[in-house]
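Structural characterization, general
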Amino acid sequence: MSENKITSDLLRGHTDTIILRLLSEADRYGYEIVKLIAERSDGEYELKEATMYSSLRRLEAEGDVEWYWGDESQGGRRKYFRVTETGRETYRRNKNNWGYAKRVLENLL
């Protein structure tokens, strides 16, 4: 673990975009999303399940994701989330906004 710490405040505005990115790769269930974020950040960032589910509810209300029940052959029945076409557009827009903000911040910092 590095000396630097990514605070939840720093990433709060990007949680939806991170989740949309993961769902653009494949349909996923909740714990899988949390686990992938921890893995892909090399353990530097841990998304709390409550935050993730709040984000998923918001994304669903905005039409960016939808859910379905997975089949029971892999153990318990899991709720899977998938990105919609609207969600793909939201992801592209948010990623472009991130790139712009990153350039501005690099100039300022």
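My aim in this report is to walk through the structure given alongside it, one point at a time. Along each chain, the written sequence defines residue order, and numbers are assigned to residues from 1. Two thresholds apply to this predicted model, a pLDDT of at least 70 for residue-level local features and 80 or more for giving and counting side-chain atom pairs, whereas whole-chain, interface and lining totals are computed over all residues. Side-chain figures throughout are based on the complete set of non-hydrogen atoms in the structure, without hydrogens or water.

1. Some thoughts on the side chain of Ser41
- Within the secondary structure, Ser41 sits in the loop between helix H3 (30-40) and helix H4 (49-61).
- Throughout this description, a polar contact denotes any pair of N or O atoms lying within 3.5 Å of each other; where both atoms belong to protein, one of them has to be capable of donating a hydrogen while the other can accept it, and for residues adjacent in sequence the pair is counted only when both atoms sit in side chains. For Ser41, the side chain forms a polar contact with the main-chain oxygen of Ile37, separated by 3.0 Å. Strands are runs of DSSP state E lasting at least two residues, helices are runs of H or I lasting at least four, and both sets are numbered from the N terminus onward.

2. Points about the pairing of strand S3 (residues 79-83)
- We call two strands paired when DSSP finds no fewer than two bridges between them. Two elements, strand S1 (residues 28-29) and S3, share two bridges in a ladder whose sense is antiparallel. Counterpart to Tyr29 in the pairing with S3 is Tyr80.
- One ladder, built from five bridges, connects strand S2 (residues 65-69) with S3; its direction is antiparallel. Following the sheet pairing, Tyr68 is matched in S3 by Tyr80.

3. Quick look at the sheet that holds S2
- Strand order across the open sheet formed by three strands is S1-S3-S2, with antiparallel pairing between neighbours. Across the chains shown, the open sheet's two edge strands, defined by having one partner strand only, are S1 and S2.

4. What about the nonpolar core?
- For this analysis, a nonpolar core means a set of buried residues of the types Ala, Val, Leu, Ile, Met, Phe, Trp, Tyr and Cys, connected via side-chain atoms within 4.5 Å. Type-normalised accessible area, obtained with a 1.4 Å probe on protein chains alone, sets the label of each residue: buried when under 20%, exposed when over 50%, and partly exposed for intermediate values. Ile19, Leu23, Ile33, Met52 and Leu56 are the most contacted members of the largest nonpolar core, which has 18 residues in total.
- Listed by contribution, the elements that provide at least two residues to this core are helix H2 (15-25), H3, H4 and S3.
- We call two residues in contact whenever any of their non-hydrogen atoms come within 4.5 Å of each other. Sequence-distant contacts of Met52, defined by excluding residues within four places in its chain, comprise Ile19, Gly30, Ile33, Val34 and Leu47.

5. A short note on the pattern of salt bridges
- Between Lys or Arg on one side and Asp or Glu on the other, a salt bridge is scored when a side-chain nitrogen of the former is within 4 Å of a carboxyl oxygen of the latter. Applying the stated criterion across every chain, the model contains seven salt bridges.
- Between Glu25 and Arg40 there is a salt bridge, and its shortest N-O distance comes to 2.8 Å. Residue Glu25 is located in helix H2, and its partner Arg40 is located in helix H3; the two are separated by 15 residues in the primary sequence.
- The partner of Arg28 in a salt bridge is Glu32, and the shortest N-O contact between them spans 3.3 Å.
- Looking at Arg28, the relative accessible area reads 9%, which means it is buried.

6. Quick notes on the packing of H2 against H3
- Put simply, H2 and H3 touch, their axes get as near as 11 Å, and they point 105° apart. Regarding the angle of H2 to H3, the classification is roughly perpendicular. Along the contact surface, H2 presents Ile18, Ile19, Leu22, Leu23 and Glu25, while H3 presents Ile33, Leu36, Ile37 and Arg40.
- Under this grouping Gly is polar, as are all residues other than the nonpolar Ala, Val, Leu, Ile, Met, Phe, Trp, Tyr, Cys and Pro and the charged Asp, Glu, Lys and Arg. Among the residues forming the contact of H2 with H3, the class breakdown is seven nonpolar, no polar and two charged. A fitted line through C-alpha atoms serves as each axis, taken over the contacting stretch for helices, and the angle formed by two N-to-C directions is quoted from 0 to 180°. The labels follow the angle: roughly parallel below 35 degrees, roughly antiparallel above 145, roughly perpendicular from 65 to 115, and oblique for the rest.

Treat this as a map of the structure, not an account of what it does.
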